[in-house]
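Listed below, chain by chain, are the residues.
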Amino acid sequence: MPSEKKREPEETLLDKIKSVFGFKNGLKNKNSLPPKTRFPIWFFVMGILLALYLQQYFFASKVETISYSQFKQKVAEGAVSKLTVGPESITGTLKGKDEKPDRPFATVRVNDPDLVKELDDRKIDYSGRYDSKLLGGILTWVLPILIMVLIWRFAMKRMAPGQGVMSFAKSKAKLFAGSETKVTFADVAGIDEAKEELEEVVEFLKKPDKFQKLGGRIPKGVLLVGPPGTGKTLLAKAVAGEAKVPFFTISGSEFVEMFVGVGASRVRDLFSQATAQAPCIIFIDELDALGKARGMNVFGGNDEREQTLNQLLVEMDGFESNKGVIIMAATNRPEILDPALLRPGRFDRQVLVDRPDINGREAILKIHSRNVLLGSDIDLRKIASLTPGFVGSDLANLVNEAALLAARKNKETVGSLEFDEAIDRVVGGLERRTGS
């Protein structure tokens, strides 16, 4: 005879509630719940206190306030019932007329020795009440403050690490470990002169003793100058990737805030982190947002930006050569930078990252087309000759546009026709089709 299945007891409504809020097997099983269903106990306490506060001030029934003389008149007319006499107020119910419902009222308590005798004569039901000033003070002052504190604590706990109030003046630089920076000089083409300039920076980060024992000093700051899209940021990443050192990257605009002193604090925090990670590289992109020459503003200048720049100048000048921290920056507007930034001891070496020639463009096209299925009719040298003035980002966009066009036509490979059409699209924009 087949055995009967053991009937499991039905889950009650109380068990379902407990399982949702983590109380089914006691308070200690909250870690077994999904993160979205875990609620701290103080969250429920805050909800109860908030409900009491809202009920006290917003959801309580509306009470009509009348003067004491009107109250005496209503008592004389017999239109009052169920009085509650307190030390400072009197509350009760006014009888409705013409089938209207009774309505609550309140009035101020006045020292009237004849009130009790008059209520007895009118046979009005009354009782006394003791008003607790302590409870009133809690509901009026302590409870709102407690609710605000609990809400603030809840908001702080919901924030991600490093986003609290105390981290406002911390540096926003992103740190990439040496193993995380996969870009090397093999990924950079068309700017061979700039790569040669930075080779000794890589060698210093790898073998600093080679320079220090001869009394040599590596440049403390390297400024990459060139038009947009020529690969300044990519070149800085390649230096970090070749040297296998930590790489701090931040934009110049991330230092400056509306509050005076925050930018300078972020500069100090950044250089403090970099010193702890030495040897490493600090890369500041769009340096002109931070390093604009002081005193150029006809309205008196931005004190916050100038304080941030002053702190950057101090931190750079205070670095010693044996600390192993290299500062790199990129800009396409070197003419507006403060002269103090460009003096020896700070950004004392400028590396020009210019537009590539035909050989450079061909090398760049080879890099960006490594993962693209090219047709047999593709001649990268010819494409390079058709793209004078293109920078690295333009050529990367060109290869991508050609691949998209080939995919749109359901082709197996990217041919010269797609590259020609992509050149026209990059140079002249989308084709405009008009009706006949």
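Provided above is the structure to which this section pertains.
Residues numbered from 1 in each chain as written. Predicted model: local features only at pLDDT ≥ 70, side-chain atom pairs only at ≥ 80, totals over all residues. Heavy atoms only, no water.

Draft legend 1. Representation of the overall build of the chain within the structure. Secondary structure summary: the chain contains 14 helices and 11 strands in total. Counting all 436 residues of the chain, 36% fall into the buried class. Nonlocal contacts in the chain, meaning residues at least 24 apart in sequence, comprise 72% of its contacts between residues at least 6 apart. (Helix = DSSP H or I, 4+ residues; strand = E, 2+ residues; numbered from the N terminus. Buried < 20%, exposed > 50% of the residue type's maximum accessible area, 1.4 Å probe, protein only. Contact = heavy atoms within 4.5 Å.)

Draft legend 2. Focus on the environment of Lys232. Assignment of secondary structure puts Lys232 in helix 8 (residues 232–243). Separated by 99 residues in the primary sequence, Lys232 and Thr331 have C-alpha atoms spaced 8.4 Å apart.

Draft legend 3. Representation of helix 6 (residues 192–206). Taking 1.5 Å of rise per residue, the 15 residues of helix 6 would be expected to cover 21 Å, and the 21 Å separating its terminal C-alpha atoms lies within 8% of that figure. At Leu198, helix 6 shows its largest kink, close to 30°. In this structure, the buried residues of helix 6 make contact with helix 7 (208–212), strand 7 (221–225), helix 8, strand 9 (280–285), strand 10 (325–331) and strand 11 (349–352). (Expected span 1.5 Å × (residues − 1). Bend = angle between axes of the 7 residues up to and from the residue.)

Draft legend 4. Local environment of the nonpolar core. Residues Leu198, Leu224, Leu235, Ile281 and Met328 are the most contacted members of the largest nonpolar core, which totals 28 residues. Put simply, the parts of the chain that give this core at least two residues each are helix 6, strand 7, helix 8, strand 9 and strand 10. For Leu198, the residues in contact, after removing those within four places along its chain, are Phe185, Val222, Leu224, Leu235, Val239, Met328 and Val351. Ranked by size, the runner-up nonpolar core spans 26 residues in total, among them Ile282, Leu287, Leu312 and Val325. (Core = buried A, V, L, I, M, F, W, Y, C linked by side-chain atoms within 4.5 Å.)

Draft legend 5. A look at the sheet that holds strand 5 (residues 126–128). Taken in spatial order, the five strands line up as 1-4-3-2-5 in an open sheet, and their pairing is mixed. Strands at the two margins of the open sheet, each flanked by one partner only, are strand 1 (64–65) and strand 5. The sheet contact formed by strand 2 (residues 80–85) and strand 5 spans three bridges and is parallel. Looking across to strand 5, one finds that Leu83 is bridged to Tyr126. (Pairing = 2+ DSSP bridges.)

Draft legend 6. The arrangement of the packing of aromatic side chains in detail. Per the stated rule, a full pass over the model turns up three aromatic pairs. Each ring, one from Tyr68 and one from Phe71, has its centre 5.6 Å from the other, and the planes form 50°; the classification is tilted. Residue Tyr68 and its partner Phe71 are located together in helix 3 (residues 68–77), separated by three residues, close to a single helical turn. With respect to class, Tyr68 is no different from Phe71; both count as buried. (Phe/Tyr/Trp six-rings, centres within 6.5 Å; stacked < 30°, edge-to-face > 60°.)

Draft legend 7. Representation of the sheet that holds strand 8 (residues 247–251) in the model. An order of 6-8-9-10-7-11 is seen for the six strands of this open sheet, with the pairing classed as mixed. Each edge of the open sheet is held by one strand with a lone partner, namely strand 6 (174–176) and strand 11. For this sheet, the mean angle separating the axes of adjacent strands, direction not counted, is 20°. Direction of pairing for strand 6 relative to strand 8: antiparallel, over a ladder of three bridges. Residue pairing for strand 8: Lys174 is matched across the bridge by Thr249. Most of the contacts of helix 6 go to strand 11, to which it runs at about 135°, and overall it touches strand 7, strand 9, strand 10 and strand 11. (Axes fitted to C-alpha atoms, helices over the stretch in contact; angles between N-to-C directions.)

Draft legend 8. Expanded view of the packing of helix 9 (residues 262–277) against helix 10 (residues 303–317). For the pair helix 9 and helix 10, interaxial distance at closest approach is 7 Å and the crossing angle is 25°. Taken together, the axes of helix 9 and helix 10 are roughly parallel relative to one another. In the packing of helix 9 onto helix 10, the handedness of the crossing is right-handed. Facing helix 9, whose interface residues are Val262, Gly263, Ala264, Val267, Arg268 and Phe271, helix 10 presents Glu304, Gln307, Thr308, Gln311, Leu312, Glu315 and Met316. (Parallel < 35°, antiparallel > 145°, perpendicular 65-115°, else oblique. Left-handed = near helix turned anticlockwise from the far one by under 90°.)

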